[in-house]
Amino acid sequence: MNVRVVAPGKTRICPHCKTTILESASVCPGCHHHLRFDRNSNVESRAQPTFSALRVEGSFRNPAGVDSWEYSVVVSIRNDRGEEVARKVIGVGALDPRESRTVTLSVDVFAPRAPK
Ligand SMILES: [Zn+2]
């Protein structure tokens with residue numbers, strides 16, 4: 001089957017965690033639940049990640065002997081012209097002395113499968 005199931009970039013809401021995800025996703029990248037489909041398309045034709053474009057990970061730690069810190073984790077996406085097309089505060093919180101957090105950012109790319 002070489003018919004495109006959905007238009008590129010079309011989104012829907014994950015029924016489990018309510019995150020906006022690609023309609024073509026077979027697994028929610030947010031909560032990792034497998035998704036069922038309303039239409040009579042088979043699971044095989046659904047997009048799987050073709051490659052990982054990037055994965056960045058970093059940690060920060062509040063050393064002992066100072067007051068609690070506050071932090072915010074922000075992700076922004078810019079297009080070819082440098083215009084911001086999305087910006088989201090992923091999480092905020094407090095960091096007590098000797099506590100740390102690790103932040104991981106990953107980008108998966110989905111390319112159409114070659115027709116069989
Ligand atoms: Zn989900």
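Structural data are supplied above this passage.
So, how was this worked out
- Residues numbered from 1 in each chain as written.
- Predicted model: local features only at pLDDT ≥ 70, side-chain atom pairs only at ≥ 80, totals over all residues.
- Heavy atoms only, no water.
- Phe/Tyr/Trp six-rings, centres within 6.5 Å; stacked < 30°, edge-to-face > 60°.
- Helix = DSSP H or I, 4+ residues; strand = E, 2+ residues; numbered from the N terminus.
- Buried < 20%, exposed > 50% of the residue type's maximum accessible area, 1.4 Å probe, protein only.
- Donors = N, O, S within 2.8 Å, 3.2 Å for Na, K, Ca; no water.
- Patch = residues over 30% accessible without salt bridge, like charges linked within 9 Å, V, L, I, M, F, W, Y side chains within 5 Å.
- Areas by Shrake-Rupley, 256 points an atom, 1.4 Å probe, with all protein chains shown as cover.
- Salt bridge = Lys/Arg side-chain N within 4 Å of Asp/Glu carboxyl O.
- Pairing = 2+ DSSP bridges.

Engineer: Any chance you could explain the packing of aromatic side chains here in plain terms?
Structural biologist: Two descriptors summarise a pair of aromatic rings, namely the distance from one centre to the other and the angle between the planes of the rings. Under the definition given, this model contains one aromatic pair. Ring geometry for Phe-60 and Tyr-71: centres 5.4 Å apart, planes at 70 degrees, overall edge-to-face. Highlighted residues: Phe-60 in strand 3 (residues 51-61) and Tyr-71 in strand 4 (residues 69-78), separated in sequence by 11 residues.

Engineer: I tried to follow unusual backbone geometry on my own but got confused; where do I start?
Structural biologist: As a rule of thumb, non-glycine residues mostly have phi less than zero, and peptide bonds are mostly trans rather than cis. Phi at Lys-18 is positive, roughly 65 degrees, even though this residue is not glycine. In this structure, Lys-18 sits in the loop between strand 1 (11-13) and strand 2 (20-22). Classification of Lys-18 by relative accessible area gives exposed; the value is 59%. Phi is positive for Arg-98, close to 70 degrees, though the residue is something other than glycine. One can find Arg-98 in the loop between strand 5 (84-95) and strand 6 (100-109). On the basis of relative accessible area, Arg-98 is assigned to the exposed category, the value being 60%.

Engineer: Please explain the coordination of the zinc ion as it appears in this structure.
Structural biologist: When a metal holds four donors in a tetrahedron, each ideal angle between them is 109.5 degrees; when it holds six in an octahedron, the ideal angles are 90 or 180 degrees. Protein-derived ligands of the zinc ion are Cys-14 (SG), Cys-17 (SG), Cys-28 (SG) and Cys-31 (SG), with the metal-ligand distances lying across 2.3 to 2.4 Å. As a motif over one chain, the donors of the zinc ion read C-x2-C-x10-C-x2-C. Placement of the pair is Cys-17 in the loop between strand 1 and strand 2 and Cys-28 in the loop between strand 2 and strand 3, with a sequence separation of 11 residues. A relative accessible area of 31% means that Cys-17 is categorised as partly exposed. Accessibility expressed as a relative area gives 0% for Cys-28, which makes it buried.

Engineer: How should I be thinking about a nonpolar patch on the surface in this particular structure?
Structural biologist: A surface patch of nonpolar side chains, amounting to about 280 Å² of accessible area, comprises Leu-54, Val-56, Leu-105 and Val-107. Within the residue set of the nonpolar patch, elements represented by two or more residues are strand 3 and strand 6.

Engineer: Would you mind going over the pairing of strand 4 with me for this structure?
Structural biologist: Where strand 4 meets strand 5, 10 bridges bridge the pair, whose relative direction is antiparallel. Its bridge partner being in strand 5, Ile-77 is matched across the sheet by Ala-86. Linking two consecutive strands that pair antiparallel, namely strand 4 and strand 5, is a turn of five residues; a positive phi of about 80 degrees is found at Gly-82 within it.

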